[in-house]
Amino acid sequence: MNSIKTTKMTNYRWVICAMLFFATTVNYMDRQVLSLTWKDFIAPEFHWTDADYGLITGAFSILYAVFCLFAGKFIDWMGTKKGYLWAIFVWSLGACLHAGCGWVTMQVEGLESVEALRAVEAGSATALSIATLSVYLFLFCRSVLAAGEAGNFPAAIKVTAEYFPKKDRAFATSIFNAGASVGALAAPITIPTLAEHLGWEMAFIIIGALGFIWMAGWVFLYDKPSKSAYVNDAELTYINQDTAADVDPKDAHDEGPQIPFGKCFTYRQTWSFIVGKFMTDGVWWFFLFWAPAYFSDQFGYKSSSGMGQALIFVLYAIVTVLSIFGGYLPKYFVEKKGMGAYAGRMRAMLLFAFFPILALFAQPLADWSGSPIDPAWWPALIIGLAGAGHQAWSANLFSTIGDMFPKSTIATITGIGAMAGGIGSLLINSGSGMLFTYAENQGAAFSFLGFEGKPAGYMIIFCICAVAYLIGWTIMKTLVPKYKPIVVE
């Protein structure tokens, strides 16, 4: 009897998925340290405004976008094992470097202590000099962070395509992609507490060091399925079930033909992915970067306060729990409804595109004077549901690459799309910073849909977030109305 049928299948692919999950968790925790410390810890020292923070987050977004364009090609060239190691080493180094910005600022400005930094008169020439210098220092550190983080998703999506058949990829992606929300979930519990008791510098160092620990595990645990000592023939057959029936799983061509970088842009499938990322990534990054500041501005709950931490925790708990279901839904459509993988994915994405519409109610309910609960809970719950919709959408969007492109090009296309997402994030985050500063300065003279000042600014951004996914899905469906894989001669 055939040994493949009698041997129990190993499930090592889920160990690899767990490694991707932890890498993505660390990725987002590193990214969150600044958003959870700038308002209450860093800004008072460096005299930052919302526009300063918006500039830093916007610059990070565009740098991330530029690096993503090359990171995917780098991962395809270097391979997932070495490429992933380089990526996490660089972003962990960048995360730790943030801790030195205060010391360098004090040395340049001739100040001896943090208290001296804080004591500088607001609006003075010295305060402006401190703010300008510190912004540039943080921009340098964010550029190193962006260079490394740009490799995470191209590597993770490529590994997923290596270890999972098409019908399981969205589910596997939703699991490792949940690391983004778990990282955002763990961040408000740990980071403000670290900053409060050890200083914001140690928050960057401790969280950044987690990446170096992950590297040790990756060296020993990862290999391609066909070379891994932990994957048996039965699991290899399951992984390679999408290959031709007459091809031995051991001999299955893992990579497929190479597609020249420039030629990638000639395919509608590439542009469909670009549009999906451009229209929606900025929404997620806006929630990620601005939610702590929103609860501080709107309700006075600092990120280090018990209520501030509870609001962010509940928000991302909703995202984490609900987003995993988003990866299972297309699997249900394929196995239970008989739909193709791409058709099932697009059906699921349409459903998830309606979730962010709830963002239209965040600001009105936040201003509800007759609310039976603290009004801050309404936007926390609503943003949580909208964020869950994004993460479910994102897991399926990433999986469309594996549906259409050969494995040799998956990281490259992921990087191209991530570049588009970074540009979208630049626009919404830097634009938000400028809008909020302007709206706050204008006060009652600036109004939108019945709101005045900064709340009016938030309402404008919430409206943009609400419709972005439906617009993106419509354009994607127009570009690629049905399943059409790339065939390279």
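Residues numbered from 1 in each chain as written. Predicted model: local features only at pLDDT ≥ 70, side-chain atom pairs only at ≥ 80, totals over all residues. Heavy atoms only, no water.

### Considering the packing of aromatic side chains
Heads up, the rule is: Pairs were defined over the aromatic rings of Phe, Tyr and Trp, the Trp ring being its six-membered one, requiring ring centres within 6.5 Å. Orientation was assigned from the angle between planes: stacked under 30 degrees, edge-to-face over 60, tilted for the rest. Lysine and arginine charges are scored as sitting over a ring when NZ or CZ, respectively, is within 6 Å of the ring centre and within 35 degrees of the ring normal.
Scanning the model with the defined rule gives 47 aromatic pairs in all. Here the aromatic cluster, defined as three or more aromatic residues joined through ring pairs, consists of Trp38, Tyr53, Phe286, Phe287, Trp290, Tyr294, Phe295, Phe299, Phe436, Tyr458 and Phe462. If you follow arginine 31 out to its NZ or CZ, it ends over the ring of tyrosine 64, 5.1 Å from the centre. Stacked on the ring of phenylalanine 60, the Lys or Arg arginine 142 has its end atom at 5.0 Å from the ring centre.

### Structural notes on the pattern of salt bridges
We apply this condition: Salt bridges are identified by distance alone: a Lys or Arg side-chain nitrogen within 4 Å of an Asp or Glu carboxyl oxygen. Counting from the N terminus, the helices are DSSP H or I runs at least four residues long and the strands are E runs at least two residues long. The rule is simple: take the accessible area with a 1.4 Å probe, protein chains only, and divide by the maximum for that residue type; under 20% is buried, over 50% is exposed, in between is partly exposed.
Counted by the stated rule, this structure contains 10 salt bridges. Here lysine 158 ties to aspartate 76 by a salt bridge, and the two come within 2.8 Å at their closest N and O atoms. Remark: aspartate 76 occurs in helix H3 (residues 50–78) and lysine 158 occurs in helix H8 (residues 152–163); sequence separation between them is 82 residues. Assessed through its relative accessible area of 13%, aspartate 76 is described here as buried. The network of salt bridges with common partners includes Lys39, Asp50, Asp297, Glu440 and Lys454.

### Focus: helix H12 (residues 268–299)
Spelled out, the test is: What a helix is expected to span follows from its residue count: subtract one and scale by 1.5 Å. The reported bend at a residue is simply the angle between two axes, fitted to the 7 residues ending at it and to the 7 residues beginning with it.
The first and last C-alpha atoms of H12 sit 45 Å apart over 32 residues, in line with the 46 Å expected at 1.5 Å per residue. Of all the bends found along H12, the most pronounced is centred on tryptophan 290 and spans about 50°, while proline 292, a proline, follows it within four residues. Two residues or fewer past H12, glycine 300 is found with a positive phi of approximately 80°.

### Let's talk about the side chain of asparagine 152
Cut-off, in case you're wondering: In protein, a polar contact means a hydrogen-donor-capable atom and an acceptor-capable atom, both N or O and within 3.5 Å, with residues adjacent in sequence counting only if both atoms are side-chain atoms; elsewhere, any N or O pair within 3.5 Å suffices. Whether two residues touch is decided by their heavy atoms; if any such pair falls within 4.5 Å, the residues are in contact.
Position of asparagine 152 among the secondary structure elements: in helix H8. For asparagine 152, a relative accessible area of 0% corresponds to the buried category. One polar contact links asparagine 152 to tyrosine 84, side chain to side chain, over a distance of 2.7 Å. Beyond its immediate sequence surroundings of up to four residues, asparagine 152 is in contact with Ala23, Thr24, Asn27, Tyr84 and Trp91.

### Overview of the environment of alanine 388
Mapped onto the secondary structure, alanine 388 falls in helix H16 (residues 377–404). Placed 80 residues apart in sequence, alanine 388 and alanine 468 show a C-alpha to C-alpha distance of 15 Å. Apart from the residues lying within four places of it in its own chain, the contact partners of alanine 388 are Ile318, Val319, Leu322 and Ser323.

These figures come from the coordinates and say nothing about function on their own.
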